[in-house]
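This is what each chain is made of:
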Amino acid sequence: MTYEEFAAERLQSLLRFAVMLAGDPHTAADLVQETMIRVHAKWRYVAASQAPERYVRRMLTNAYIDMRRGSWLRRVVLRGQPVEPPAVPDHADASADRDQMWAWLGRLPRRQRAALVLRYYEGLSDNEIADVLGCAVGTVRAAISRALATLRVEVRPAWSGGPDDRG
Amino acid sequence: MTEDDLRATFARHEHLAPDAAKVRQEIQAGIAQRRTRRRAAWSAGAAFAVVLATLVPLASARMLVAGPSPAQPGPLNVLIVGHDRRGADSNAPARADAIVLAHVDRTRQKAHLISFPRDLYVAPGQKINGEYAVGGMARLASTVTALTGVPLDGTVAVSFSGLQAITNAVGGVRMCVDQRVASVHVGMDRSGRFLSPARGGRPVVYEVGCRNFAGWEALDYLRQRVTLTNGALDRDKHLRDYLIALFDKLVSTDTLRNPARLGQVAAAAGSALEINLAGGHSLVSLAAELRDVDRDDIASLAVPVEMDEPSGFRLGPAAVELFAALRADRI
């Protein structure tokens, strides 16, 4: 397969995958663009791998996980920007959002979100997810169960507040 | 329940995916731009060598710390040192005038080269370049680890002659000269024979621009310090330029993936190149880990420093952040 054939066939599917990871179209397009430029440069290696598409998804997933922290140098040293404070989850925002689940996905640690996307969107097995993320299967399961636990606690039906919900 | 919600949530947001045709155009533009940039940026330099090639590969052996589990490789940190010992038989203490930490991230997609200025005080009256002279690589490595908190996976030391031999073995390296440099070490008389500039020879000049450097030129260029705008700091940058250029040469000639050729390059330096890896890794197995890294993936920087009395530097505030990012592999 040539790079052109790969791009023609798989780009849309990669973009959908990237949107599930990144949550918004602009970041998804940036991620895919950046990844595909690298894929083009390394096409020899990519094509020689057993599963080129898996290889590219791994690059894309890693690019997503490393997104901001990879640019530490640019932000802090070159642009002098302060380190971003972590996003603080806010119940008021979440309930104002039409789609709480989607909003909360955006607040999960990236690795956890990636694991959820790989399992529930891509339908991969835990072994395959471990391969994509470059970690142990146990780590994948732990990440997914932590993510599900967070979502169960935080995403509530609009009319039934929990006992501690005073807001 | 949550799981079904998740599947439904993902499906509901598929429409957010951007249009492939548009993104494809942007990718093509990016590829074209990168080509131009690579052509223009074929970088410049010359002096401390082999290293990147070796070093990146090296990158996988924990040296001072227990090895990582194979399922979850950590980042690789290799200390590369250029020293001034002349001749293998000399027992004179050599100073480590070029100290570079090579960091390859956990995903093996990016690398950073980070220089420690030789005039950095590590204790009152004690500069980092003296550590090597006093206690060899072991002492320098533990000083760097103490300073940064970063465990090292290996060390590489190369001398003047090793740098030159390695550069010759790869057929020269292409670096981009960033400021005009007239050599204080190498010059010629009227008939083209070697005559030191100190004795009236016409110095060899490295003009601004990109060019190929043979072994002796690379060595000479990388040794220059006193005439540079920022002295040793500029020289450190030239060394990083060199390491990147060397790495690029190893990639473009396919040497990195060819164990026989890689071995020849390392052997060319003989005892002038000392590689110490942990974890039972070889140069070759480590080189394989760098398959995803190319020159654009390597960032070049210096540890942030401030002037310090009497005649050196101390770490600047940003250095603390830099080291923390290194330790967390979040640089």
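Criteria and cut-off values
- Residues numbered from 1 in each chain as written.
- Chains lettered and ligands numbered in written order.
- Predicted model: local features only at pLDDT ≥ 70, side-chain atom pairs only at ≥ 80, totals over all residues.
- Heavy atoms only, no water.
- Helix = DSSP H or I, 4+ residues; strand = E, 2+ residues; numbered from the N terminus.
- Buried < 20%, exposed > 50% of the residue type's maximum accessible area, 1.4 Å probe, protein only.
- Contact = heavy atoms within 4.5 Å.
- Areas by Shrake-Rupley, 256 points an atom, 1.4 Å probe, with all protein chains shown as cover.
- Lys, Arg positive; Asp, Glu negative; His and termini not counted.
- Salt bridge = Lys/Arg side-chain N within 4 Å of Asp/Glu carboxyl O.
- Polar contact = N/O pair within 3.5 Å; in protein donor to acceptor, adjacent residues only side chain to side chain.
- Core = buried A, V, L, I, M, F, W, Y, C linked by side-chain atoms within 4.5 Å.
- Pairing = 2+ DSSP bridges.
- Axes fitted to C-alpha atoms, helices over the stretch in contact; angles between N-to-C directions.

Of the regular secondary structure elements, chain B holds 10 helices and 14 strands. Within chain B, the fraction of its 331 residues that count as buried is 51%. In chain B, the proportion of contacts linking residues at least 24 apart, taken out of those at least 6 apart, comes to 70%. Surface accessibility of chain B: about 14,100 Å² in total, with carbon and sulfur atoms responsible for 53%.

Residue and element names in this part refer to chain B. Mapped onto the elements, Arg-240 comes out in helix α7 (residues 231–252). For the buried Arg-240, no salt bridge is present, and the opposite-charge side chain at shortest range is Asp-236, 5.5 Å distant. Among the polar contacts made by the side chain of Arg-240, one reaches the side chain of Ser-115 at a distance of 2.6 Å. Apart from residues no more than four positions distant in its own chain, Arg-240 is found in contact with Leu-113, Ser-115, Ser-300, Leu-301 and Ala-302.

A general tendency of soluble globular proteins is for nonpolar side chains to be buried together. Ranked by internal contacts, the top residues of the largest apolar core, which has 58 residues, are Val-32, Met-36 and Leu-116 of chain A together with Leu-6, Phe-10 and Ile-27 of chain B. Here this core takes 12 residues from helix α1 (residues 3–22) of chain A, the largest share from any one element. Beyond its immediate chain neighbours, meaning those up to four positions away, Ile-27 of chain B contacts Tyr-3, Leu-11, Val-32, Gln-33, Met-36 and Ile-37 of chain A. Val-78, Leu-163, Val-170 and Leu-273 of chain B belong to the second largest nonpolar core, which has 47 residues in total.

Moving on, we get to the environment of Lys-237 of chain B. Residue and element names in this part refer to chain B. Relative to the helices and strands, Lys-237 is located in helix α7. Classification of Lys-237 by relative accessible area gives partly exposed; the value is 29%. Taking the C-alpha atoms as reference points, Lys-237 and Ala-98, separated by 139 residues in sequence, lie 9.9 Å from one another. Reaching out from Lys-237, the side chain makes a polar contact with the side chain of Asp-178 at a distance of 3.2 Å.

The subject of this paragraph is helix α6 (residues 215–223) of chain B. Extensive coverage of α6 of chain B is indicated by the burial of seven of its nine residues. Regarding α6 of chain B, the residues found buried are Gly-215, Glu-217, Ala-218, Leu-219, Asp-220, Tyr-221 and Leu-222 of chain B.

All names here are of chain B. Taken in spatial order, the six strands make up an open sheet running β11-β6-β1-β2-β3-β12, and their pairing is mixed. Both edges of this open sheet fall to β11 (273–277) and β12 (298–302), since each of them pairs with a single strand only. With strand direction ignored, the average angle separating the axes of adjacent strands in the sheet is 15°. Across the sheet, helix α5 (residues 160–169) touches β1 (76–83), β6 (154–158) and β11, and the angle it forms with β6 is around 95°.

Before going further, it helps to spend a moment on the pairing of β6 of chain B. All names here are of chain B. Within β6, five of the five residues are buried, leaving the element largely enclosed by the surrounding structure. Of the two faces of β6, the one lined by Gly-154, Val-156 and Val-158 and the one lined by Thr-155 and Ala-157 are each fully buried. Inspection of the sheet shows β1 paired to β6 by five bridges, in the parallel sense. Residue pairing for β6: Val-81 is matched across the bridge by Ala-157. Pairing of β6 with β11, which is carried by five bridges, proceeds in the antiparallel orientation. From the neighbouring strand, Ala-157 faces β11, where its bridge partner is Glu-274.

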